[in-house]
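Observations on the three-dimensional arrangement
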Amino acid sequence: MICGRTEKQFMEEVERFHGFVAPGLLIGGYMVDAIREKISEKVEADAIVETAHCLPDAVQILTPCTIGNGWLKIVNLGKFAITMFDRHTFKGVRVYMDLKKLGSHKNIYNWYMGLVSKKDLPKEILIGSILEAKKDILSSKEVVLREHGKRVKKSTVAVCENCHEAYFASQGDVCLACQGKDYYEITR
Ligand SMILES: [Zn+2]
């Protein structure tokens, strides 16, 4: 079971939300479930994921925390880990993939460490290994947040004198795009 659902139900939700069943998202489901065993649903808990891959969607499917409502943040340490914490006390639990425990789960280890191609380890087999391992490959630690705990308040709005679009005043005298930090060329 993953947060009150069967694995099959969870994987159907994953397919609808994420587009396809990703092995990392299934592991993410077990991660959120492991956290929920330690932090009750009654606690107002915010979430941090340490990679932009897969894990944000596990949190968004299984908890009220989303990127859009600000209760989920990505702190991109490039690690496969999720922390959820009481948003009033900043105390929480960090769950991570434990390499020491992956020794007896070779398929998951080889996939996680990028040692095997999709051809040599088809997704169905990998998913089967994950369904077998469940939470055996995870460890958790109790943590208290030093940073990133506070919800970010929306900044006041200003009008950029260069492009005349409204932007968050905290970004500077002109908008970030006009400071050269845009990501596009206007073509028409
Ligand atoms: Zn501007």
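Right, let's walk through the structure included here.

Section: unusual backbone geometry
One can expect most non-glycine residues to show negative phi and most peptide bonds to be in trans. A positive phi angle, near 50°, is found at Lys134, a position not held by glycine. For Lys134, the location among the structural elements is in the loop between α5 (123-133) and β5 (138-144).

With respect to the environment of Lys8
Position of Lys8 among the secondary structure elements: in helix α1 (residues 7-18). Spatially, the C-alpha atom of Lys8 lies 33 Å from that of Gly149, the residues being 141 residues apart in sequence.

Overview of the sheet that holds strand β4 (residues 91-97)
Across the sheet, which stays open at both edges, the five strands sit in the order β2-β1-β3-β4-β5 with mixed pairing between neighbours. The open sheet terminates on both sides in strands that have one partner only, identified here as β2 (72-74) and β5. For this sheet, the mean angle separating the axes of adjacent strands, direction not counted, is 20°. In this structure, strand β1 (residues 45-49) lies alongside strand β3 (residues 81-86), joined through five bridges in antiparallel fashion. Looking at β3, one finds that Ala47 is bridged to Met84.

What counts, and at which threshold
- Residues numbered from 1 in each chain as written.
- Predicted model: local features only at pLDDT ≥ 70, side-chain atom pairs only at ≥ 80, totals over all residues.
- Helix = DSSP H or I, 4+ residues; strand = E, 2+ residues; numbered from the N terminus.
- Pairing = 2+ DSSP bridges.
- Axes fitted to C-alpha atoms, helices over the stretch in contact; angles between N-to-C directions.

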